[in-house]
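# Report on the structure
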Amino acid sequence: MLEKTYDAASVEPRIYETWEQAEAFKAGAGAKDGAPAFSIVIPPPNVTGSLHMGHALNNTLQDILVRWKRMQGFDVLWQPGTDHAGIATQMVVERELMEHQLPGRREMGREAFVERVWEQKRKSEGTILGQLKRLGASCDWSRTEFTMSPNLSDAVLKVFVDLYNEGLIYKSKRLVNWDPKFETAISDLEVENIESDGHMWHFRYPLAGGETYEYVEKDEDGNITLRETRDYISIATTRPETMLGDGAVAVHPDDERYKPIVGKLCEIPVGPKEHRRLIPIITDEYPDPDFGSGAVKITGAHDFNDYGVAQRNKIPMYRLMDTKGAMRSDGAPYVEEAAKAQAIIDGAEMSVNEVDLINIVPDELRGLDRFEARKQVIEQITAEGLAVMVPADHPDVAWMKGQAPEWHPLGRAIVRPLEEGAEAPAELPLVESKKIMQPYGDRSKVVIEPMLTDQWFVDAKTLAAPALKAVQDGDTKFVPENWDKTYYNWLNDIQPWCISRQLWWGHQIPVWYDEDGNEYCAQTEEEAIAKAGGKSLTRDEDVLDTWFSSALWPFSTLGWPHQTPELERYYKTDVLITGFDIIFFWVARMMMQGIHFMKEVPFHTVYINSIVVDKNGKKMSKSLGNVLDPLELFDTYGADATRFALASQEVQSRRTLRMSDQAAEGGQRFATKLWNAARFAEMNGCARVAGFDPATTQHTLNRWIATETGRCIAEVTAALEDFRFNDAAGAVYRFTWNTFCDWYLELAKPIFNGDDEAAKAETRATAAWAIDEILKVLHPIMPFLTEELWERLGDEGTKPDGLLMLSAWPEAKVADETAAAEINWLVTLISEIRSVRAEMNVPAGTKVAVVITGANELTKARIKTHESAILRLARAETISLADAAPAGSAQLIVGEATVCLPLAGVIDLGAEKARLQKDAGKLEGEIKKIEGKLSNAKFLEKAPEEVVAGEREKVAEATEKLEKVRVALNRLAEIG
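Overview of the structure. (Residues numbered from 1 in each chain as written. Predicted model: local features only at pLDDT ≥ 70, side-chain atom pairs only at ≥ 80, totals over all residues. Heavy atoms only, no water.)

### As for the sheet that holds strand β28 (residues 573–579)
By way of backbone hydrogen bonds, the strands of a sheet pair with one another, either parallel or antiparallel. The criterion, for reference: Should DSSP find at least two bridges between two strands, the strands are taken to pair. In this description a helix means any DSSP run of H or I spanning at least four residues, a strand means any run of E spanning at least two, and both kinds are numbered starting from the N terminus. Think of each axis as a best-fit line through the C-alpha atoms, taken over the contacting stretch in the case of a helix, with angles from 0 to 180 degrees between the N-to-C directions. We call two residues contacting when some pair of their heavy atoms lies within 4.5 Å.
Taken in spatial order, the three strands line up as β21-β29-β28 in an open sheet, and their pairing is parallel. Each edge of the open sheet is held by one strand with a lone partner, namely β21 (477–479) and β28. Geometrically, the sheet is characterised by an average inter-axis angle of 25 degrees between neighbouring strands, direction not taken into account. Pairing between β21 and strand β29 (residues 603–609): three bridges, direction parallel. What sits directly across from Phe478, in β29, is Val606. Here helix α2 (residues 53–71) sits on the sheet and contacts β28 and β29; the angle it forms with β28, its principal contact strand, is near 160 degrees.

### Overview of helix α26 (residues 857–865)
Note the threshold: The rule is simple: take the accessible area with a 1.4 Å probe, protein chains only, and divide by the maximum for that residue type; under 20% is buried, over 50% is exposed, in between is partly exposed. Note that the arc is computed from the directions linking the helix axis to the C-beta atoms. Identification of polar contacts relies on pairs of N or O atoms within 3.5 Å, with a donor-acceptor requirement for protein atoms, meaning one able to donate a hydrogen and the other able to accept it, and with residues adjacent in sequence counted only if both atoms are side-chain atoms.
Among all positions in α26, only Thr859, Arg862 and Ile863 are buried. Each buried residue of α26 lies within a common arc of 100 degrees when the element is viewed along its axis, so the set occupies one face. Exposed side of α26, more than 90 degrees from the buried face: Glu857, Lys864 and Thr865 are the residues found there. With a side-chain oxygen positioned 3.2 Å from the backbone nitrogen of Leu858, the residue opening α26 is Asn856.

### Digging into the pattern of salt bridges
Pairing between side chains becomes possible if they bear opposite charge and their charged atoms approach one another. Where we set the bar: We define a salt bridge as a contact between a side-chain nitrogen of Lys or Arg and a carboxyl oxygen of Asp or Glu at a distance within 4 Å.
In total, this model carries 61 salt bridges according to the counting rule given. As a salt-bridge pair, Asp473 and Lys469 come within 2.5 Å of each other at their nearest N and O atoms. Relative accessible area serves as the criterion here: at 46%, Asp473 is assigned to the partly exposed category. Taking the relative accessible area as the measure of exposure, Lys469 reaches 49% and is therefore partly exposed. For the salt bridge of Glu951 with Lys933, the shortest nitrogen-to-oxygen distance reads 3.8 Å.

### Section: empty space enclosed by the protein
Put simply, the test is: Whether a set of points on the 1 Å grid over the protein atoms alone is a cavity depends on a 1.4 Å probe fitting there but being unable to get out, while an open set qualifies as a pocket with protein on both sides within 12 Å along at least five of seven lines; lining residues are those with an atom within 4 Å of a point. Grid points are joined across faces, edges and corners, and a volume is the space filled by probe spheres set on the points. Under the convention adopted here, Pro, Cys and the residues Ala, Val, Leu, Ile, Met, Phe, Trp and Tyr are nonpolar, Asp, Glu, Lys and Arg are charged, and Gly plus all remaining residues are polar.
Applying the stated criterion across every chain, the model contains three cavities of 30 Å³ or more. Each pocket or cavity is described by its volume, and for the largest cavity that value is around 80 Å³. Forming the boundary of the largest cavity are Ala678, Ala681, Glu682, Cys686, Ala687, Arg688, Ala768, Ile771, Asp772 and Leu793. Residues of the lining of the largest cavity, tallied by class, amount to seven nonpolar, no polar and three charged. Space inside the second largest cavity adds up to approximately 70 Å³. The wall of the second largest cavity is formed by Gly86, Ile87, Ala185, Ile186, Glu190, Arg501, Leu503, Leu544, Asp545 and Thr546. Every element with two or more residues in the lining of the second largest cavity is listed here: α3 (86–99) and β6 (184–186). Split by residue class, the lining of the second largest cavity holds five nonpolar, two polar and three charged.

### Considering the packing of aromatic side chains
Worth spelling out the cut-off: Pairing of aromatic side chains requires ring centres within 6.5 Å, counting the rings of Phe and Tyr and the six-membered ring of Trp. Pairs whose planes differ by under 30 degrees are stacked, by over 60 edge-to-face, and all others tilted. Two conditions define a charge located above a ring, namely a distance within 6 Å from the ring centre to NZ of Lys or CZ of Arg, and an angle within 35 degrees of the ring normal.
Following the criterion strictly, the structure yields 37 aromatic pairs and no others. Their ring planes at 45 degrees and their centres at 5.9 Å tell us that Tyr215 and Tyr258 sit as a pair that is tilted. With Tyr215 in strand β8 (residues 213–218) and Tyr258 in the loop between β11 (248–251) and β12 (265–267), the pair connects residues that are 43 residues apart, well separated along the chain. For the pair shown, Tyr215 and Tyr258 are each scored as buried. Here a set of aromatic residues connected by ring pairs shows up, and it is made of Phe160, Tyr164, Trp456, Trp497 and Phe548. Directly above the aromatic system of Phe146 lies the positively charged group of Lys121, at a separation of 4.5 Å from the ring centroid.

### A look at the side chain of Ser153
Position of Ser153 among the secondary structure elements: in helix α6 (residues 150–165). If we ignore the near neighbours within four places in the chain, the residues touching Ser153 are Thr147, Met148 and His507.

### Overview of the nonpolar core
To keep things clear, this is the line we draw: The criterion is simple. A nonpolar core is a set of buried Ala, Val, Leu, Ile, Met, Phe, Trp, Tyr and Cys residues joined through side-chain atoms within 4.5 Å.
Counting 208 residues, the largest nonpolar core has Phe160, Tyr487, Phe548, Met659 and Phe740 as the members making the most contacts within it. With 15 residues, helix α22 (residues 725–752) is the single largest residue contributor to this core. Among the nonpolar cores identified, the runner-up in size contains 46 residues, and Leu244, Ile381, Ala387 and Met451 belong to it.

### Digging into the layout of surface pockets
In this structure, the second largest pocket encloses a volume near 710 Å³. Every residue lining the second largest pocket is counted, 22 residues in all, and those nearest its centre are Leu175, Asp188, Phe304, Gln495 and Pro496. Listed by contribution, the elements that provide at least two residues to the lining of the second largest pocket are β5 (169–179), α7 (304–313), β22 (497–498) and α17 (583–598). In terms of residue class, the lining of the second largest pocket is built from twelve nonpolar, five polar and five charged.

### Notes on the packing of helix α21 (residues 700–721) against helix α23 (residues 757–778)
What counts here: Throughout, the term roughly parallel applies to angles under 35 degrees, roughly antiparallel to angles over 145, roughly perpendicular to angles from 65 to 115, and oblique to all others.
At a minimum axis separation of 10 Å, α21 and α23 run at an interaxial angle of 5 degrees. Of the possible angle classes, the one that applies to α21 and α23 is roughly parallel. Taken together, the residues of α23 that come into contact with α21 (itself represented by Asn702, Ile705, Ala706, Thr709, Cys712, Ile713 and Val716) are Glu762, Thr763, Thr766, Trp769, Ala770, Glu773 and Val777. Looking at side-chain class alone, the contact of α21 with α23 contains eight nonpolar, four polar and two charged residues.

Honestly, it's all geometry; don't read function into it.
Right, dumping it as structure tokens:
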């Protein structure tokens, strides 16, 4: 006998152990003879990570598919594994060394440090895999892989060497995101652009030799609004320290203001005056004439936009900082280095590498942190009088008391309080206070520095062409399909892929150098030495970007480069489930590498799952305190409840999924409902009957539930085929809760308690069969509860033939439209009566008469057959037929008939009307207020996206409630 309450905490670990002992997760388990393969590769989580809500959603969806396909008899492989996560894992170990006051990695040396990281990997890997097991993930754990295992490392080395030999991997000096804390290049994915308080400084670049020109500004109609003689060109910058590395000042070719000085030289307003560098004024399409002064300084070695301008116009790019973000201190004194830079302006030709050796940081700024250097640069320029000035009485300037200097939060200028007795200056430097998008390392939390460095790159454009065509031709499709636009946009504008990282943890680049710097690329050092003719070689110290090895995941995990049976059987994989934020970094790169090395796409479908946000639509963040821990939800509500909450809210058309404790609690209530229904059935003698066929049933109620069961199976199957996870969850929920529990079991009670033994036996067998079918269709979503009930319901009847997870996916057995129409009529009739009672606020204990007019012979027969059920479940005093509706009746239509509820005298019509009118007025006011917000352009512009979405949801909810109130008011009007 089932316990009174379902205890997920004790059931879930026991059931998972049962599955593992039965080896039910292994590839091919439960497959029919000759069955086609169905394979999915898990997006490998970080080996030192832990389960978060994104993982929970992503892996729940994968598990739903693989459990469903396994039950359909496919040869299923869900390939698991973890990613070495270069920078993240190295950071974990370095932090641990620091916390335990142990020698840092540089003191330990590379070999000892890497061994320490391997220890951390061995210690941590079980954490994330164990958490996935708690979720119920049915991966083939016997095949668990790691991106740095020997087999996968062989694949990585082969791919690198092959691409190198094909000319598709090369070393180059290019601009990359540089993390000064970890001292490595990082990918765009590892950069967080955060809106921060910043400033825009305005400076003058004097024209060389004191030259002047007529500067003219005009309005839209061509009228001159300003004319003055200038001996400078002004620029604005948020990073004054980078001025030291300027290679040019650019203006738009159509900007008439600067045409007189295009091609001339101007002076960078910082550094020793007698050795100040001169740079050219050039034209380029990049500057916006309507933004600021229309002139832009070009610092190609420290800004991505400037890098493009510098490349197009052959402008030298000077690197200013070292790997820690401090101003460079290497090289000859500034005077000598500046002379080298000036020689380039004078026509000397230098390679990019030769220019990179030049250190044009003034001597007094060398070695300073970049932000300290910024302060000094600002002070030097301002002291020399080369800051653009604004009148001290300008309306944007405010004088404040306090320590100087201080930023005025509402103004645009630095404000310096006057000393006692001093006169106010006539002008102040123009410094705008503004919001800027600041790039931060997502792990280091320091400001990222775009920096020109030597890195290894993949010719992504060449590899992208077939990957682009594969989606265009339909070889791989995105679901939802609109995500293919994101894929196309990135691949059409793809840049070289920086694959090197200045870390110690990862796949070390398989390139060796001799004393002359010649490269030898090989899979082993022995091969490299042989290529070098026996010379002594030194290996490149960099490691590969984590995404490089992840890009090989769909085929490296199956044994490539060896031609294994698994590779032959399971590649290409079927479905990849992942988030939209890694379409560029992982999906596209798997497509590139899969097509290049396997000559076939790695998967035929890419399902882009939602991003999990909190109940208010906000991104989960530790700083906001709104992070939901899935493990805590498992502890409180159960893994099944959490899975159901996620699946039922995973809607293809929505970009985000709102998760909350309440959602998981709803999943728990559903689990409890099913458990209680199974227990009720068990208590009423419902037990599994061997060989039972619902097609042989005679009773209308049983043929109805068998028909509705088939409809549910078909609906769930169709939804899963189309990746409509919420529709699949919704279909089984509605059938289980409403159709089976609320109606079938309720309508079956008189049979269970009656004297017709044949009807009783048939209904008991049908109820047990229907529960089994529910367990089957619900199993992919809620595997623990369903497996437990599958086994336990055999206590009183026929034992199940093996595990539920390896049983066959159900098919429709009965399609009796006559029986379905009859019972569905009954359900509709009772539901509508109940709805009117609720609308009219009829007390629950009050029984009312039901009068039906306009009924045809079929309806009259149904009323006679089901009279007792109608009286009991609609809380009706009597049910009768009439030619006309009684006076004072609330009326509703069911089929061809009119159902009348005489309510005059049952409820206070006047009081009810007043209540409903008050509710309507309140809802109308609420809707008007919110719609006023939503029609306000400023609100829509400034409010976060999740706030706007929340307001729209409020309008929709209030409108729905108002419609119900109006329907009730109309009914009252009909009553009179």
